[in-house]
Amino acid sequence: RIQILFEMVQLKEEDTAESTSESVSGTSSTPPRDISPTWPFVLLSIAIALISAGAYQLTHPFTSNYIPVSQPDGGKLTPRTTIPYHNEHDDELYTDHIIYGSKKRLRSLYKGKVYNKEQLSQHGSDSSEPWVAVLGHIFDVTTGKRIYANNGAYNFFSGRDGSKAYSTGDFSDAGLTDDLSGMAKEKIGEIYTWINTFQSKYPLIGRLEGPFFDSTGSPTQTWREIEESLLELGEEEERLKKVHLRFPSCNSHFDSNNNAGEVWCTKKSGGVTRNWVGVPRKFHLPGRRVRCACVQERDLNDPKLQPYPDCPASSTSCNFNV
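No experiment lies behind these values; they were computed from the predicted model shown. (Residues numbered from 1 in each chain as written. Predicted model: local features only at pLDDT ≥ 70, side-chain atom pairs only at ≥ 80, totals over all residues. Heavy atoms only, no water.)

## Considerations on the pattern of salt bridges
Then step 1. Counting across every chain of the model gives 9 salt bridges.
Then step 2. Notably, a salt bridge pairs Lys241 with Glu238, separated by 3.7 Å at the nearest N-O pair. One end of the pair is Lys241 and the other is Glu238, both in helix α7 (residues 221-246) and 3 residues apart, which spans about a single turn.
Then step 3. For Lys241, a relative accessible area of 44% gives the class partly exposed.
Then step 4. Taking the shortest distance from any N to any O, the salt bridge between Asp299 and Arg298 comes out at 3.8 Å. (Salt bridge = Lys/Arg side-chain N within 4 Å of Asp/Glu carboxyl O. Helix = DSSP H or I, 4+ residues; strand = E, 2+ residues; numbered from the N terminus. Buried < 20%, exposed > 50% of the residue type's maximum accessible area, 1.4 Å probe, protein only.)

## Quick notes on the sheet that holds strand β9 (residues 251-255)
Then step 1. Spatial ordering of the open sheet is given by β9-β10-β16, a layout of 3 strands whose pairing is antiparallel. With one partner strand each, in any of the chains shown, β9 and β16 (317-321) form the two edges of the open sheet. Strand-to-strand twist of the sheet, defined as the mean angle between neighbouring strand axes without regard to direction, takes the value 15°.
Then step 2. Pairing analysis gives 5 bridges linking strand β10 (residues 260-264) to β16, with the strands arranged antiparallel. Residue pairing across strands places Glu262 opposite Asn319, the latter belonging to β16. (Pairing = 2+ DSSP bridges. Axes fitted to C-alpha atoms, helices over the stretch in contact; angles between N-to-C directions.)

## Observations concerning the packing of aromatic side chains
Then step 1. Overall, the coordinates contain 19 aromatic pairs when judged by the stated rule.
Then step 2. Considering the side-chain rings of Tyr166 and Phe198, the 6.1 Å spacing of their centres and the 90° angle between planes classify their relative orientation as edge-to-face. With Tyr166 in helix α5 (residues 165-168) and Phe198 in helix α6 (residues 185-199), this pair connects stretches of sequence that are 32 residues apart.
Then step 3. By way of ring pairs, the aromatic residues Phe139, Tyr148, Tyr154, Phe156, Phe157, Tyr166, Phe171, Trp194, Phe198 and Tyr202 are connected into one cluster.
Then step 4. We note Arg274 situated over the ring of Trp276; from NZ or CZ to the ring centre the distance is 4.6 Å. (Phe/Tyr/Trp six-rings, centres within 6.5 Å; stacked < 30°, edge-to-face > 60°. Lys NZ or Arg CZ within 6 Å of the ring centre and 35° of its normal.)

## Structural notes on the sheet that holds strand β8 (residues 204-208)
Then step 1. The 4 strands lie next to each other as β5-β8-β7-β6, forming an open sheet whose pairing is mixed. Two strands lie at the open edges of the sheet, namely β5 (114-115) and β6 (131-134), each paired on one side alone.
Then step 2. Inspection of the sheet shows β6 paired to strand β7 (residues 137-140) by 4 bridges, in the antiparallel sense. When the bridges of β7 are listed, Ala133 appears paired with Ile138.
Then step 3. Contacts from α6 reach β6, β7 and β8 within the one sheet, and its direction differs from that of β6 by about 145°. (Contact = heavy atoms within 4.5 Å.)

## Details of the environment of Ser269
Then step 1. In this fold, Ser269 is placed in strand β11 (residues 268-269).
Then step 2. In this structure Ser269 comes out as buried when scored by relative accessible area, which is 2%.
Then step 3. The spacing of Ser269 and Ala293 is 24 residues in sequence and 9.3 Å in space, taken between C-alpha atoms.
Then step 4. With sequence-adjacent residues up to four places away left out, Ser269 is seen in contact with Pro248, Ser249, Cys250, Asn251, Arg274 and Cys294.

## Side note on α6
Then step 1. Compared with an ideal rise of 1.5 Å per residue, which puts 15 residues at 21 Å, α6 spans 21 Å between its outermost C-alpha atoms and is within 8% of the ideal.
Then step 2. Summarising the contacts, the buried residues of α6 are in contact with β6, β7, α4 (145-148), α5 and α7. (Expected span 1.5 Å × (residues − 1).)

## A few points about α7
Then step 1. The end-to-end C-alpha separation of α7 is 38 Å, in line with the 38 Å expected for 26 residues at 1.5 Å each.
Then step 2. Residues of α7 that are buried: Trp223, Ile226, Ser229, Leu233, Leu240 and Val243.
Then step 3. Buried residues belonging to α7 abut β7, α6 and β13 (279-283).

Written out as C-alpha cells, the structure is:
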C-alpha cells in the first residue's frame, strides 16, 4: 500500500513540474496548476497506510514461523514449513449449534477430521509420517521421527492409541490399548497430561473413532465419564492447594545413618511464603501420606494434627527417630 501511495505522489510531482514548466515557457493556454507542497499529502497517505496495515493485523494475527520441537537439548527450533498445516489449529475446529425450538446453546461441536484405526495404523513407526493417539486425540509426530520411527525409543506408540500404557508403563501389545476399564481417575489424569505434552510439541490433526469419539468426532459416554473424572481431579487439586496454604510443609533434614531427623518451621517452607512461622505437627490427611505441617496457634485443635513425641508444644523445631 505504501509503495502505491509513493508512486501516486511521484506522478503528482511530475505532473506539477510539467504544469510549472508550461506556465513559465508560455506554451500552455491553460491556467497554471496549483503547485502547493506535496509533503502534507505524503504524510497523510503514510498515516492512512499504517492505519490500514494495523487493521489488517488485528484481523490476521501474526503467527510465528517457528514452533518448538522435542530435542535433546530442548532448545532447537524447526521451521513450521516442515510440518503440514492443518485446519485443526484454527478456532474454526469447533462451532456452536442451537437446539431447535430453544435458544439454549449446546457445547461446542467438533467439525474437524476423524480417522479410524485402520487409517491410523498406516502411520506407524515404519511410515514417513508417524502419528500417535492419546485418549482419541491424534498427533502428527513426524518432526519427532527419531523417537517414534523404527528403532526410536517410543516407536511402539506410533500408529495406535496406546493410552493405558502412558500410565502403566506396560509397552506390550496387550498393554498398548485404549481400554481404560477399571482405571482409577488419578491414573486417567496422568494419561490426560500427555495430551498437553504432545500438543505443546506436535500438531493435533484430528480425532480417532473408537471408545472416546464416534465416527463424527462427537464425544462418547466413555469420554463424558473421563471429563467428569478430570473435573473431580481439578476440584480435588484446588482443595489440596488450599489445604497446603493453610498447613504448609515443614523444613526437614533426615540422617539415614542414625535413622533420626529434624523438622522446623520458618516464614517460608513447603514453597509457601507467609507472615507467620507456626509449630511442627504431624498432619494426617485422609488418603495421603502423613507429613509434617507448620501450624498456626488457631489451628492447633484440628483433629488431623498430632504433636511430635518429646517436643515442646510451642517449639518451632522438633527432633524425631524412625
